[in-house]
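Letter by letter, the chains look like this.
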Amino acid sequence: MSSTQQRKRTTRKSTLHRLRVPAERTIELRDLVRSRYLDRPGYKVQDFVKDGIEGLLITGGIPRERADWCAAVQAITGIEVSERSHSAAGLVLMRTERGLYALSYGVGHHMLDPYYRDDDFGLEFATRSLDEDGVIKVRNQIMDGRGRVDEYSAARGERIDGFGLDRFGAIVRRLCGTVSGIPLTSVRGGKAHRVKVERAESTIKLPLATHPEDFLGDLRAIEEVCAREEPLPELRFVDRVRTLAPSGRKAEDAQGALERLIADSNSARLALSVPESCLEAFGSAQAFRLTRPGHGREEVTDLDLRTLLQFVRDKEEGDRLNALERARITMYSDEDCRTPASASTKGCEWLIADVPAGAHRYFYGQGKWYEVGADLLTTLEEELRELLAQKGTLTLPAWPKGVRNPKGQDSHDEGWYNDLIARQPGYTLFDKKTIVTERFNGGGLEICDVLGPQGELICVKKASKTAPLNHLFAQGVVAVETLRTDSEVREKFLAQVVARSGTRSGAEDLGALRVVFGILLKDGQDIDVDSLFAFAQISLLHSAQRLRAMHAEVEVIPIRR
């Protein structure tokens, strides 16, 4: 038996990064580290060479004499509390024949310069290696203008199909599951037939060998997986939205289009999103500090798109994205901004945008560019055309402009128009007729704006951008979901139908619900793949899918002027 076989193969769960350097540049390993950590007190930088591995090690941390939670505990209990804390960080940088890699421990990932991260690394490995029935967790960024992130998990591995994922309107940001059949030390050493691997952003987390020879073997196995030309068939859809290379003609065109978009904080193609690194703490954040070099800082209790885009207000086209990238945003768990709830993030990481540029469409999210593949666009547009081509079962009247009041508001508002629809024979007005139960005691639930002659739930909206349409589509989904599952709401709604129309016709058969979205776009234009922005398209298709899953029919009717 060889000495290698006799040696106990030990492994440790580690975070592995792959780094990318532009082809025209030659850099030292130190260049991959944020400069402030190279000479920061409490940190040590050391070169090393051992058993075929040559690299750089940075270790350190910032000790605190008193942990930041001590004051709160002392105030509550009246007992003096003074406990130390220490945020340890470790980072190992190394070169191989195929590329540059880093191992991070503790909060060591904060030391890496994000410019050099290879954001395709984790996705390449996961989509080419996960077991078919081994998917445990999926986190999606939904491209519908709300900055929504969905997470699905299973206690034991499942097929990806079992998670009910949206396959045309989402970017997979995290993918966790089991891997087998790859010559990793943790498998070869007989410890397990499968190992759990988590892909998050530009990293993969998995058990890696701690002996140099075995570690290099693990790294070679990972490189060979990433070099496979095609992802696994069941995970091919994940590849339809891919990171756009930061240089080249496509990137220039996309960035130019976004520079023009972000000059208008009211653009329907822009929205605020929470960066991946801030998701865990965002719900408990009490304040945000916004800083721009040379312009001081601002602290707010709520962060919105208009506040974010203040960084570009005084910038000329060509300088706006740079201004967002230089801006820094930090979340705090207290209103006094003394206890950080996150690392400092770039302002651009809080922006998402749907960016058309010529014949291409790009998605900007969390400081990265994504090219929306032709397969995705084809699928989205085909489904949307099919939905919009369906012949309507009823007709909605024209919505003419009214007289402006002293505040400049159109007297023919949505309330006026809903009343106009309800004057037709067989239609019943339900606008602002909410149903109040213990579940909806904060103002009640509005089932629809108007009830049609065959029990159609008609929901109406005048919209010039995506947000009102998101609200409209959500209203239809919530109404049907509640009527299906809440017997108290169902009975109260049917009682309202009888009281207001004198009949239970149509609405009583909740097994055949039909939701009608009546939409007035600017100047009464038609509703098609060109007039609806991508965020609204995806939101509509999401809602249609959910409604159909509840056995409700969906139709969209354009309202004319």
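Heads up: these notes are all about the structure in this document. Since this is a predicted model, take the numbers as computed values, not measurements.

So, how was this worked out
- Residues numbered from 1 in each chain as written.
- Predicted model: local features only at pLDDT ≥ 70, side-chain atom pairs only at ≥ 80, totals over all residues.
- Heavy atoms only, no water.
- Pairing = 2+ DSSP bridges.
- Helix = DSSP H or I, 4+ residues; strand = E, 2+ residues; numbered from the N terminus.
- Contact = heavy atoms within 4.5 Å.
- Axes fitted to C-alpha atoms, helices over the stretch in contact; angles between N-to-C directions.
- Buried < 20%, exposed > 50% of the residue type's maximum accessible area, 1.4 Å probe, protein only.
- Lys, Arg positive; Asp, Glu negative; His and termini not counted.
- Salt bridge = Lys/Arg side-chain N within 4 Å of Asp/Glu carboxyl O.
- Core = buried A, V, L, I, M, F, W, Y, C linked by side-chain atoms within 4.5 Å.
- Phe/Tyr/Trp six-rings, centres within 6.5 Å; stacked < 30°, edge-to-face > 60°.

1. Looking at the pairing of strand β2 (residues 43-50)
For step 1, the next point in the chain: Across eight bridges, the pairing between β2 and strand β3 (residues 53-64) is antiparallel. Its bridge partner lying in β3, F48 is registered against G55.
For step 2, the next point in the chain: Counted between consecutive antiparallel strands, the loop separating β2 from β3 contains two residues, among which D51 sits at a positive phi close to 45°.

2. Considerations on the sheet that holds strand β22 (residues 457-462)
For step 1, the next point in the chain: One open sheet accounts for five strands, arranged β20-β21-β22-β23-β24; its pairing is mixed. Whereas interior strands pair on both sides, the edge strands pair on one side only; in this sheet they are β20 (428-429) and β24 (553-558).
For step 2, the next point in the chain: Inspection of the sheet shows strand β21 (residues 450-451) paired to β22 by two bridges, in the antiparallel sense. Bridge pairing in β22 links V450 to I458.
For step 3, the next point in the chain: Along the sheet face, helix α11 (residues 414-422) touches β20, β21 and β22 and points at about 145° away from the line of β22.

3. Focus: the sheet that holds strand β14 (residues 297-300)
Across a sheet, strands are paired by hydrogen bonds formed along the backbone, either parallel or antiparallel in direction.
For step 1, the next point in the chain: Strand order across the open sheet formed by four strands is β14-β13-β15-β16, with antiparallel pairing between neighbours. Whereas interior strands pair on both sides, the edge strands pair on one side only; in this sheet they are β14 and β16 (345-346).
For step 2, the next point in the chain: Across five bridges, the pairing between strand β13 (residues 287-291) and strand β15 (residues 328-332) is antiparallel. Looking across to β15, one finds that L290 is bridged to I329.

4. Overview of the side chain of E349
For step 1, the next point in the chain: Tracing the backbone shows E349 in the loop between β16 and β17 (351-357).
For step 2, the next point in the chain: Buried E349, no salt bridge; nearest opposite-charge side chain is R117, N-O distance 5.4 Å.
For step 3, the next point in the chain: The residues touching E349, leaving out its near neighbours within four places in the chain, are S273, P275, Q366 and G367.

5. Observations concerning the nonpolar core
For step 1, the next point in the chain: Counting 41 residues, the largest nonpolar core has I447, L457, F493, F517, I519, L540 and L547 as the members making the most contacts within it.
For step 2, the next point in the chain: Every element with two or more residues in this core is listed here: α10 (374-389), β22, α12 (466-485), α13 (487-501), β23 (514-520), α14 (534-549) and β24.
For step 3, the next point in the chain: At seven residues, α12 tops the list of elements feeding residues into this core.
For step 4, the next point in the chain: Those residues within four positions of L540 in sequence are excluded, and the remaining contacts are L384, L387, L388, F473, F517, L532 and V556.

6. Things to note about the packing of aromatic side chains
For step 1, the next point in the chain: Summed over all chains, the structure comprises eight aromatic pairs.
For step 2, the next point in the chain: Ring centres 6.1 Å apart and planes at 65° place the aromatic pair Y101 and F121 in the edge-to-face group. Here Y101 is found in strand β5 (residues 100-106), whereas its partner F121 is found in helix α3 (residues 121-129), with 20 residues between them in sequence. The same class applies to Y101 and to F121, which are both buried.
For step 3, the next point in the chain: Each ring, one from W399 and one from Y417, has its centre 4.3 Å from the other, and the planes form 5°; the classification is stacked. Of this pair, W399 sits in the loop between α10 and α11 while Y417 is found in helix α11, placing the two residues 18 residues apart along the sequence.
For step 4, the next point in the chain: Y417 sits in the buried class, given a relative accessible area of 0%.

Without other data, these values stay purely geometric and don't point to any function.
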